[in-house]
Protein chains: 2
Amino acid sequence: MSVHVLEYTFEEYTEIVKKFHGAAAPGVLIGGFMVDAAIRNLPDGILYDAICETKSCLPDAIQLLTPCTTGNGWLTVIHLGLFALTLYDKSTCQGVRVFLDPEKVESWKEIKAWFFKIKSKKEQVLELINKEIEAAGTTILSAQKVEILPEAAQKKHKGKIGLCPKCREVYPLDHGGICLLCQSNTLYAHGTHI
Amino acid sequence: MSVHVLEYTFEEYTEIVKKFHGAAAPGVLIGGFMVDAAIRNLPDGILYDAICETKSCLPDAIQLLTPCTTGNGWLTVIHLGLFALTLYDKSTCQGVRVFLDPEKVESWKEIKAWFFKIKSKKEQVLELINKEIEAAGTTILSAQKVEILPEAAQKKHKGKIGLCPKCREVYPLDHGGICLLCQSNTLYAHGTHI
């Protein structure tokens, strides 16, 4: 039987990842199995939000396989540098956290070399890593039942907006008398209207 | 002639947005025209990164229409609460910033009511707003040539990783002796292995 990531074959999922992420990155492929494992451990038919504990790769697996995206607010990326994700019931805050388990990775030479950065990017052969990822499936993962703390699950309301008197763009008034970019521009050296 | 968002008709783009974002949200539709305007003002054939100045809606337009995603590191979302995005040449840091121009929105009743939150979500009629968005196209936008400051364009390298002695997961060693989640867990009330 061929390996599946939710409703997709591993090959189909790999193609979807290439198109969106730009490459068949091991982190997004393993992320597919992580999302799959999380969903299988959640009750059917619930509305869930997602937390991603790393900004690398994993957010794209969540965006491709769940209704949660960066722009719709159902995915929160928290920069902990941990290769873990959580899907949780919006109404009960009960969820499932799935992580790539260092102990279980031990027996997979290529995945281990990638995950522990034993080989440099140049030395890694993507095809070999991804073959192992397909063979390993969910066996390199561990899962926990978790309850999300209310503060972490709470959505901030955007509050009142107004015109920044300096740049004349619309900004959240609780940022102060002028917008954050006018307060401290750490982004742009200069700008000229086109 | 029908209205286009890059290679898509407005209807096609609306369907793509619905599928990814979950709804034909005005912010993602306007975002389509913003990405379109930015790309048309960039030289052909360059590799570019994206900055999004709000976490609401707009990141999804960027992810759907450019190679830049949350997980591949080419999209940076900065929480300024400004409805603006920038695409910039990775090698020169020269780019184009596009924003929804409050002055130009004035003559569009429904877009104005949505953007300035004059009508509550309940009072808004999505079809009416989106009809105006299609009719307005890029005419409600303004664009600036910008140069990204080197610090804003710089990618952080992830550095060395190791096993957290407490939770036994892999984490970035420069976070300290144990991982950030073990240092201060603001996410989970408790977790039990499945």
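Below: a short report on this structure.

Conventions used here
- Residues numbered from 1 in each chain as written.
- Chains lettered and ligands numbered in written order.
- Predicted model: local features only at pLDDT ≥ 70, side-chain atom pairs only at ≥ 80, totals over all residues.
- Heavy atoms only, no water.
- Helix = DSSP H or I, 4+ residues; strand = E, 2+ residues; numbered from the N terminus.
- Buried < 20%, exposed > 50% of the residue type's maximum accessible area, 1.4 Å probe, protein only.
- Contact = heavy atoms within 4.5 Å.
- Areas by Shrake-Rupley, 256 points an atom, 1.4 Å probe, with all protein chains shown as cover.
- Lys, Arg positive; Asp, Glu negative; His and termini not counted.
- Charge placed at Lys NZ, Arg CZ, Asp CG, Glu CD.
- Buried area = accessible area lost by both parts, 1.4 Å probe.
- Salt bridge = Lys/Arg side-chain N within 4 Å of Asp/Glu carboxyl O.
- Polar contact = N/O pair within 3.5 Å; in protein donor to acceptor, adjacent residues only side chain to side chain.
- Nonpolar A, V, L, I, M, F, W, Y, C, P; charged D, E, K, R; others polar.
- Pairing = 2+ DSSP bridges.
- Least-squares fit on C-alpha atoms with pLDDT ≥ 70 in both.
- Expected span 1.5 Å × (residues − 1).
- Axes fitted to C-alpha atoms, helices over the stretch in contact; angles between N-to-C directions.
- Right-handed = clockwise from strand over helix to strand, strands pointing away.
- Parallel < 35°, antiparallel > 145°, perpendicular 65-115°, else oblique.

**As for the overall build of chain A**
- Assigned secondary structure in chain A consists of eight helices and ten strands.
- Projected onto its principal axes, the C-alpha positions of chain A cover 60 × 45 × 30 Å.
- Counting only residues that meet the buried cut, chain A has 52% of its 194 residues in that class.
- Long-range contacts, defined as pairs at least 24 residues apart, comprise 61% of the intrachain contacts of chain A with a sequence gap of at least 6.
- On chain A, roughly 9500 Å² of surface is accessible, and the fraction owed to carbon and sulfur atoms is 56%.
- In chain A, the 21 positive side-chain charges and the 22 negative ones have mean positions that sit 8 Å from each other.

**Comments concerning the interface of chain A and chain B**
- The interface of chain A with chain B comprises 62 residues on the first partner and 62 residues on the second.
- Of the roughly 5500 Å² buried at the junction of chain A and chain B (both faces included), carbon and sulfur atoms supply 61%.
- The tally of links from chain A across to chain B stands at two salt bridges.
- Close ionic contact of B:E169 with A:R97 constitutes a salt bridge, the shortest N to O distance being 2.7 Å.
- Inspection of the region where chain A meets chain B yields 26 residue pairs in polar contact (both at pLDDT 80 or more).
- Split by residue class, the side of chain A that touches chain B holds 32 nonpolar, 20 polar and ten charged.
- In the sheet, strand β10 (residues 188-193) of chain A pairs with strand β7 (residues 141-148) of chain B via five bridges, with the strands oriented antiparallel.

**Focus: unusual backbone geometry**
- Within the chain, A:C57 stands out as a residue other than glycine whose phi angle is a positive 65°.
- Relative to the assigned elements, A:C57 resides in the loop between β3 (48-52) and α3 (58-65).
- Even without glycine at this site, B:C93 takes up a positive phi of about 65°.
- By the secondary structure assignment, B:C93 is in the loop between β5 (84-89) and β6 (94-100).

**Focus on the relation of the copies chain A and chain B**
- Rotating chain A by 180° and moving it 0.0 Å along the rotation axis overlays it on chain B with an RMSD of 0.0 Å. In the structure described here, the two chain copies are related by an operation that fits a two-fold rotation axis. Residue A:T70 of chain A places its C-alpha closer to the rotation axis than any other residue of that unit, at 3.7 Å.
- Interface overlap between copies is the fraction of interface residues in one copy that are interface residues in the other; for chain A against chain B it reaches 100%, indicating a shared surface.

**What about the pattern of salt bridges?**
Residues and elements named next belong to chain A.
- Going through the model one piece at a time under the given rule, you end up with 14 salt bridges over all chains.
- Note that E106 is salt-bridged to K112, the shortest N-O span being 3.0 Å.
- When its relative accessible area of 44% is taken as the criterion, E106 is described as partly exposed.
- Residue classification places K112 among the partly exposed residues on the basis of a relative accessible area of 23%.

**Quick notes on helix α2 (residues 26-40) of chain B**
- Over its 15 residues, α2(B) extends 21 Å from the first C-alpha to the last, a length consistent with the 21 Å expected when each residue adds 1.5 Å.
- Judged by how many residues are buried, α2(B) sits mostly within the fold: 13 of 15 residues are covered.

**Considering the sheet that holds β7(B)**
- Across the sheet, which stays open at both edges, the six strands sit in the order β10(A)-β7(B)-β6(B)-β5(B)-β3(B)-β4(B) with mixed pairing between neighbours. Each edge of the open sheet is held by one strand with a lone partner, namely β10 of chain A together with β4 (75-77) of chain B. Each neighbouring strand pair of the sheet contributes to a mean axis angle of 25°, computed without reference to strand direction.
- In this structure, β6(B) lies alongside β7(B), joined through seven bridges in antiparallel fashion. Within β7(B), the residue paired with B:G95 across the bridge is B:V146.

**A word on the pairing of strand β3 (residues 48-52) of chain B**
Residues and elements named next belong to chain B.
- Burial of β3 is extensive: five of the five residues sit out of reach of the surface.
- Alternating positions in β3 separate into two faces, Y48, A50 and C52 on one and D49 and I51 on the other, with burial throughout.
- Here β3 pairs with β4 via three bridges, running parallel. Bridging across to β4, A50 finds its partner in L75.
- In terms of handedness, the path from β3 via helix α3 (residues 58-65) over to β4 forms a crossover that is right-handed.

**Structural notes on the packing of helix α2 (residues 26-40) of chain A against helix α6 (residues 126-136) of chain A**
Residues and elements named next belong to chain A.
- For the pair α2 and α6, the least separation of the axes is 10 Å and the interaxial angle reads 5°. One way to sum up the angle between α2 and α6 is to call them roughly parallel. When α2 is examined against α6, the residues P26, L29, I30 and F33 are found in contact with a partner set consisting of L126, I129, N130, I133 and E134.

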